[in-house]
Amino acid sequence: MSLLSKLSNARQKIELKNHTTFRIGGPAKYFFVAQSQEDFIKAVRAAKEAETPFYLLGGGSNMLVADEGFEGLVIKYNFSAQHEKKKSEELELTVEAGTLFNKVILGAVKAGYSGIEWGFGIPGTIGGAVFGNAGRLGQDISGAVKAVKVLDKNLNEQVLTQKECGFGYRESGFLKAGATILEVTLRLAEKNREEIDKTFNEAREVILHGPKFPSAGCAFKNYKLNGEDDELLKNHPELKERVRGGKIGVGYLIDQAGMKGKKVGGAQVWEGHANYVINTGGATGQEVKTLMDNVVEAVGEKYGTLLEPEVRLLGF
Ligand SMILES: Cc1cc2nc3c(=O)[nH]c(=O)nc-3n(C[C@H](O)[C@H](O)[C@H](O)COP(=O)(O)OP(=O)(O)OC[C@H]3O[C@@H](n4cnc5c(N)ncnc54)[C@H](O)[C@@H]3O)c2cc1C
C-alpha cells in the first residue's frame, strides 16, 4: 500500500533547505506537517505501514541534509500545547514536542522559575532539544526533564522517567529505541530574579557572539576526557589548561590544527569560533560535508583523536 493512500495530504518534492537553519538540503520525496499529536502519530503509523523510511524534523537547527535530499517521508511538527502544575516551590511544565524551546524558556523566566534559562538562544523545538540533550554554559536539558511521553517503535504511547531517557552528553536513548518524542514534562524550581537573570543574560551573550551566517550550531561534540589516563592529555599535556568540566572545547583543537577560516566552496570554518561551520552563501551539503571531513582529518593527524559530529546528517 502506498504512503499517499494512507497520508493523502502529504506533499511531494519539498526542498528541505527551506526547513533547516543551514539553508541547505535537497527535496524530501514526501513531506508532512503534523499540527497535533494525533497528526504526528498518524504520520509515523502511515510511514511504518507503507514501509516508507521516515525522518522527524523539529526546527531543523541541528541538521545537515544532503543535496540529493531524502527518499522518504519527512514529518515536520509544530504542535505546541502547554499545561502547568504549580507545587509550593516547583513548577511542573508539560509541553508538546513542537513548542519552541525559547518560548518555554521565556515563559519560565518571566514566571520566576529556574532550570532552563541557560538555554536561551538555542533555536528549535523542545522535542529536538530533548532528543539531542541540548546544553549551554555547562548545563543541559536532562537536568530539568522529569518525564517524556513517546510513541515507541511498536506505536504504543509510553511515559518514560528521566532515568529511562538514556541521556548522555548531547545524546539520548530515543534514537536507539526508535521512539518519537510527543511531549516533555519539565521540573523547574522557584529562584530569585537576580540569579535567574544572571544565567539568562550569559546565555544571551552567547547569541550576540554567534555567527551571523546560517549554520547548525556547533559542528562537533566537545572532547570528553576518558578519566585520569586520558590519551589525548597524556600525549598533549599542554591541553590540561583547556579542560572545563571534564571536556576540551574542540574549537581550540580545530584552530590549532590549522582549519580556522578554511573553505570548501561556500562552506567555511567560522573565523569567530572554529567549531562552527557556516554557509557563507550557496554552500551545498556536499561542500559542508567535505569541509567537516577535512576538519576531522586535520584534528586526527595533529592530535590522534576522532571528532564526533554534533550535527545530525540526513541523506548522506
Ligand atoms: C545558531 C545556533 C546555535 C545553537 N546553539 C546550541 C547550543 O548552545 N547548544 C546546543 O545543544 N545546541 C545548539 N544548537 C543546535 C540546535 O539548535 C539544538 O540541537 C536544538 O535543540 C535542535 O532542535 P530542533 O528542533 O531544531 O531539532 P532538529 O534539528 O529538527 O532535529 C535534530 C534531531 O532530533 C530528532 N528529533 C527531532 N524531533 C524529534 C522528536 N519529536 N522525536 C524524536 N526525534 C526527534 C531529529 O530527527 C534529528 O535527528 C544551535 C544551533 C544554531 C543554528
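Residues numbered from 1 in each chain as written. Predicted model: local features only at pLDDT ≥ 70, side-chain atom pairs only at ≥ 80, totals over all residues.

*Asks:* Any chance you could explain the overall build of the chain here in plain terms?
*Replies:* Within the chain, the regular secondary structure consists of 9 helices and 20 strands. The globule rule puts the C-alpha radius of gyration for 316 residues at 20 Å, and the 20 Å found for the chain is close to it. Counting only C-alpha atoms and orienting by the principal axes, one finds that the chain spans roughly 55 × 50 × 35 Å. Buried residues in the chain amount to 43% of all 316 residues. Long-range pairs, those at least 24 residues apart, make up 66% of the contacts in the chain with a sequence separation of at least 6. (Helix = DSSP H or I, 4+ residues; strand = E, 2+ residues; numbered from the N terminus. Rg over C-alpha atoms; globule rule 2.2 N^0.38 Å. Buried ≥ 20, exposed ≤ 12 C-beta atoms within 10 Å, placed from the backbone. Contact = placed C-beta atoms within 7 Å.)

*Asks:* Could you clarify how one ought to interpret the domain arrangement of the chain in this entry?
*Replies:* The accessible area lost on association of the parts is a frequent measure of interface size. On domain assignment, one finds that the chain holds domain 1 (3-77), domain 2 (82-208) and domain 3 (223-314). When each unit is reduced to the centre of its C-alpha atoms, the spacing between domain 1 and domain 3 is 30 Å. Opposite the 12 residues of domain 1 that make contact, domain 3 presents 11 residues. A total of 3 residues in the side of domain 1 that touches domain 3 trace back to one element, the largest contributor, which is strand E4 (residues 63-65). (Domains from an automatic or database assignment.)

*Asks:* Would you take a moment to explain the nonpolar core for this structure?
*Replies:* Inside soluble globular proteins, nonpolar side chains tend to come together where they are buried. Counting 94 residues, the largest nonpolar core has Phe32, Ile75 and Ile181 as its most contacted members. At 7 residues, the largest contribution of residues to this core is made by helix H9 (residues 285-303). Setting aside residues up to four positions removed in sequence, Ile75 forms contacts with Phe32, Ala34, Phe40, Ala43, Val44, Phe54, Leu56 and Leu57. (Core = buried A, V, L, I, M, F, W, Y, C linked by C-beta atoms within 7 Å.)

*Asks:* Please explain the sheet that holds strand E19 (residues 277-279) as it appears in this structure.
*Replies:* In a beta sheet, neighbouring strands pair by backbone hydrogen bonds and run either parallel or antiparallel. Strand order in this open sheet of 3 strands is E17-E18-E19, and the pairing throughout is antiparallel. Edge positions in the sheet fall to strand E17 (263-264) and E19, since each has one partner strand and no second. For E17 and strand E18 (residues 267-269), the ladder comprises 2 bridges, and the chain directions are antiparallel. When the sheet's bridge partners are listed, Val264 is paired in E18 with Ala267. (Pairing = 2+ DSSP bridges.)

*Asks:* Looking at this structure, how should I read the environment of His83?
*Replies:* Structurally, the position occupied by His83 is in strand E6 (residues 82-87). His83 sits in the exposed class, given 11 other C-beta atoms within 10 Å. A C-alpha to C-alpha distance of 9.2 Å links His83 and Thr185, two positions 102 residues apart in sequence.

*Asks:* Any chance you could explain the pairing of strand E2 (residues 27-34) here in plain terms?
*Replies:* Of all 8 residues making up E2, 7 are buried, and the element is well covered by its neighbours. Of the pairings in the sheet, the one linking strand E1 (residues 11-15) to E2 comprises 4 bridges and is antiparallel in character. Across the sheet, residue Glu15 finds its bridge partner in E2, namely Pro27. As defined by bridge partners, E2 adjoins strand E5 (residues 70-77) across 6 bridges and the pair is classed as parallel. Looking at E5, one finds that Tyr30 is bridged to Leu73.

*Asks:* Sorry, what's going on with the sheet that holds E1 here?
*Replies:* One open sheet holds the 4 strands; their spatial order is E1-E2-E5-E3, and the pairing between them is mixed. Two strands close off the open sheet at either side, each with one partner strand: E1 and strand E3 (54-57). This sheet shows a mean twist of 40 degrees between the axes of neighbouring strands, independent of strand direction. In the packing of helix H2 (residues 37-49) onto the sheet, contacts are made with E2, E3 and E5, and the angle to E5 comes to roughly 165 degrees. (Axes fitted to C-alpha atoms, helices over the stretch in contact; angles between N-to-C directions.)

*Asks:* Help me understand the site of the ligand in this model?
*Replies:* Around the ligand, the structure places 31 residues, and the nearest of them are Gly58, Gly59, Gly124, Gly128 and Gly217. Where the shell around the ligand is concerned, the elements lending two or more residues are E3, helix H4 (126-131), strand E9 (135-136) and strand E13 (180-190). Examining the composition of the shell around the ligand, we find that 4 residues originate from one element, H4, more than from any other. Classifying every residue of the shell around the ligand gives 13 nonpolar, 16 polar and 2 charged. Both domain 1 (3-77) and domain 2 (82-208) contribute no fewer than three residues apiece to the shell around the ligand. (Near = placed C-beta within 6 Å. Nonpolar A, V, L, I, M, F, W, Y, C, P; charged D, E, K, R; others polar.)

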